[in-house]
Amino acid sequence: MKYVIDSKLESFLPVSQQSDFPIQNIPFGAGRWPTGEQVCLTRIGDTVINLSLIEKNNFFQHCGLKKHTFNQKTLNTFLSHKKPAWRAVRNTIAEIFSKENKEFEKNIDFRKKIECHISKISIEMPINIGDYTDFYASKEHATNVGSMFRDPKNALLPNWSHLPVGYHGRSSTIFSTGKEIYRPNGQKKKPSDDFPFFGPSEKIDFELEVGFITGSGPRNGDCISIESAEDSIFGLVLLNDWSARDIQQWEYVPLGPFLAKNFASCISPWIVTLDALEPFRSDRPVQNDPNPLPYLQQSRSGANFNIDLQVGIKPEGSEETIICESNFKYMYWSIAQQLAHHSINGCIINAGDLMGSGTISGPSKGSYGSMLEISWNGKEPIDLSNGTKRSFIEDNDTVILRGSAIKKDLKIGFGECVSKIIPSKSWKTR
Ligand code: CA
């Protein structure tokens, strides 16, 4: 079955040149249709397409789907299928909305029912996330953080080059784009303080990440092999893994992140499939010092994806300043290695799990994926275009993540992952 949609294919639906969502993308999401029900969706350009109604009218009959796969609030049922079904659905959507499909193009009455402009749709969380794991797979980021929090000479701990380090996060506080997030309160203690104190975090930070969404993995102690791992990965989203650095620095020893990380994370609402990103494969950094153990050795070339990433800060009432430009190709550990490692002990992976890459920092300051690194833990504040400075994120700042892969005339993007920090809830009365 073909899985890359021809780069020359055009849709009869309007798609601007700048759009992240040409017919070669066909991402998957969920949202509230103007008639009130929440269903699974895709989009081409700014036209949102109701997959539940397409399914109801038997267009997906040959795709081997369970009944009512898309008449659901989230994509979890669709994710519980295997890659051939995911591909069949995507190919079918491309065929339906191709310029060559004159018959469908002229079927205005039906099209009016299943197409809707994005401005009329309330976009919701695309998946019900069962489990959330966050890795730490960027060597540049791990080196920067290790240098700041521990020792520049031994920034990477000995395990880091042998396995994709990660931790289990919480799925309850992961939101879709557009979320306002209360500044968290918590315990903080600087090295110079005698005792910890309690109050709003003063070091709120974004983390520029890409997350992958899984299909179902094996049961009964089996693992996902490195070579088959991508068959269990449905697609990617942008992920802002909000962090409170002052809370983190005090609490993380010896078990790792806890309340500094679980107050909020935000994802972009359209899951972009690996198939859509196939033309943008990129080689992973060389891994020969040391060689990974055999179960992590990945023979294929192009294990990473060349996706340009960008972060902007928009203070209330001011214009946005772009503060970071990075790329997903910098990851030391690929997504396949992350998933193979995650399941090597028999850990069960479910359809709709989210796995974050960890902060994606590039080699230079302009490509660092967190304020912690950009301002070097507050020592080097940066200038915003409205004349103010930032070491960390201030109240009423909106942080915008963007991502897109571009090659010749083809652009596959993620849209935006937007979230805003608002003042903390009062804590003095508690
Ligand atoms: Ca993170």
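Residues numbered from 1 in each chain as written. Predicted model: local features only at pLDDT ≥ 70, side-chain atom pairs only at ≥ 80, totals over all residues. Heavy atoms only, no water.

1. A look at the overall build of the protein
Stage number 1. In terms of regular secondary structure, the protein is built from 10 helices and 26 strands.
Stage number 2. Computed over its C-alpha atoms, the radius of gyration of the protein comes to 22 Å, within 12% of the 22 Å expected for a compact globule of 430 residues.
Stage number 3. Dimensions of the protein along its principal axes, counting C-alpha atoms only, are 75 × 55 × 45 Å.
Stage number 4. Within the protein, the fraction of its 430 residues that count as buried is 55%.
Stage number 5. At a minimum sequence separation of 6, the contacts of the protein that also span at least 24 residues come to 72%.
Stage number 6. Summed over all atoms, the accessible surface of the protein reaches about 18900 Å², with 50% contributed by carbon and sulfur.
Stage number 7. Treating the 49 positive side-chain charges of the protein as one cloud and the 49 negative ones as another, the clouds have centres 3 Å apart. (Helix = DSSP H or I, 4+ residues; strand = E, 2+ residues; numbered from the N terminus. Rg over C-alpha atoms; globule rule 2.2 N^0.38 Å. Buried < 20%, exposed > 50% of the residue type's maximum accessible area, 1.4 Å probe, protein only. Contact = heavy atoms within 4.5 Å. Areas by Shrake-Rupley, 256 points an atom, 1.4 Å probe, with all protein chains shown as cover. Lys, Arg positive; Asp, Glu negative; His and termini not counted. Charge placed at Lys NZ, Arg CZ, Asp CG, Glu CD.)

2. Looking at the state of the cysteines
Stage number 1. According to the stated counting rule, one finds 0 disulfides in the structure shown.
Stage number 2. Cys-63 provides the cysteine sulfur closest to Cys-40, a residue in no disulfide bond, and the two sulfurs are 14 Å apart.
Stage number 3. For Cys-40, a relative accessible area of 0% puts it in the buried group.
Stage number 4. Lacking any disulfide linkage, Cys-266 is separated from the closest cysteine sulfur, that of Cys-417, by 5.5 Å. (Disulfide = S-S within 2.5 Å.)

3. Some words on the pairing of strand 26 (residues 410–422)
Stage number 1. Burial within strand 26 is extensive, with 10 of its 13 residues counted as buried.
Stage number 2. Pairing of strand 9 (residues 179–182) with strand 26 involves 4 bridges; the strand directions are parallel. Within strand 26, the position partnered with Lys-179 by the bridge is Ser-419.
Stage number 3. Bridge analysis of strand 25 (residues 398–407) against strand 26 gives 9 bridges, and the strand direction is antiparallel. Looking at the pairing, Thr-398 lines up with Lys-420 of strand 26.
Stage number 4. In sequence, strand 25 turns back onto strand 26 through a hairpin of 2 residues, with Lys-408 there showing a positive phi of about 50°. (Pairing = 2+ DSSP bridges.)

4. Overview of the coordination of the calcium ion
Stage number 1. In the first shell of the calcium ion, the protein supplies Asp-134 (OD), Glu-207 (OE), Glu-209 (OE) and Asp-241 (OD), at 2.2 to 2.3 Å from the metal.
Stage number 2. Read in sequence order, the donor residues for the calcium ion give the motif D-x72-E-x1-E-x31-D. Here the residue Glu-209 occupies a position in strand 13 (residues 208–214), and Asp-241 occupies one in the loop between strand 14 (233–240) and strand 15 (243–244), the gap between them amounting to 32 residues. With respect to class, Glu-209 is no different from Asp-241; both count as buried. (Donors = N, O, S within 2.8 Å, 3.2 Å for Na, K, Ca; no water.)

5. Observations regarding the pattern of salt bridges
Stage number 1. A full pass over the atoms with the stated rule returns 21 salt bridges.
Stage number 2. Close ionic contact of Glu-380 with Lys-365 constitutes a salt bridge, the shortest N to O distance being 2.6 Å. Separated by 15 residues along the polypeptide, Glu-380 in the loop between helix 10 (371–374) and strand 23 (382–383) and Lys-365 in the loop between strand 22 (354–356) and helix 10 bring together distant segments of the chain.
Stage number 3. Overlapping salt bridges bring together Asp-205, Glu-207, Arg-245 and Lys-261 as one network. (Salt bridge = Lys/Arg side-chain N within 4 Å of Asp/Glu carboxyl O.)

6. A short note on helix 9 (residues 335–343)
Stage number 1. Taking burial as the measure, the 9 residues of helix 9 include 9 buried ones, the bulk of the element.
Stage number 2. Of the residues making up helix 9, those classed as buried are Ile-335, Ala-336, Gln-337, Gln-338, Leu-339, Ala-340, His-341, His-342 and Ser-343.

7. Looking at the side chain of Thr-133
Stage number 1. Locating Thr-133 in the fold gives a position in strand 6 (residues 132–135).
Stage number 2. Within the structure, the side chain of Thr-133 is placed 2.8 Å from the side chain of His-342, a separation counted as a polar contact.
Stage number 3. Ignoring anything within four residues of it in the chain, the contact list for Thr-133 reads Tyr-167, His-168, Gly-169, His-342, Leu-354, Met-355 and Gly-356. (Polar contact = N/O pair within 3.5 Å; in protein donor to acceptor, adjacent residues only side chain to side chain.)

8. Considerations on unusual backbone geometry
Stage number 1. Residue Val-253 is joined to Pro-254 through a cis peptide bond whose omega torsion reads 0°.
Stage number 2. Summarising the element assignment, Pro-254 is placed in the loop between helix 7 (245–251) and strand 16 (265–267).
Stage number 3. Here the bond from Asp-289 into Pro-290 is cis, since omega is 10°, no more than 30 degrees from zero.
Stage number 4. Along the chain, the position of Pro-290 falls in the loop between strand 18 (281–282) and strand 19 (304–305).
Stage number 5. At His-68, a residue that is not glycine, the phi angle is positive and equals roughly 55°.
Stage number 6. Looking at the element boundaries, His-68 is found in the loop between helix 1 (51–56) and helix 2 (76–79).
Stage number 7. Positive phi values are uncommon outside glycine, yet Lys-408 reaches one of about 50°.
Stage number 8. Looking at where Lys-408 falls in the secondary structure, it is placed in the loop between strand 25 and strand 26.

9. What about the environment of Lys-99?
Stage number 1. On the secondary structure map, Lys-99 appears in the loop between helix 3 (83–96) and helix 4 (102–105).
Stage number 2. Measuring from C-alpha to C-alpha, the distance between Lys-99 and Glu-10 comes to 5.7 Å, with 89 residues separating the pair along the chain.
Stage number 3. When near neighbours in sequence (up to four residues on either side) are disregarded, Lys-99 contacts Glu-10, Ser-11, Phe-12 and Glu-105.

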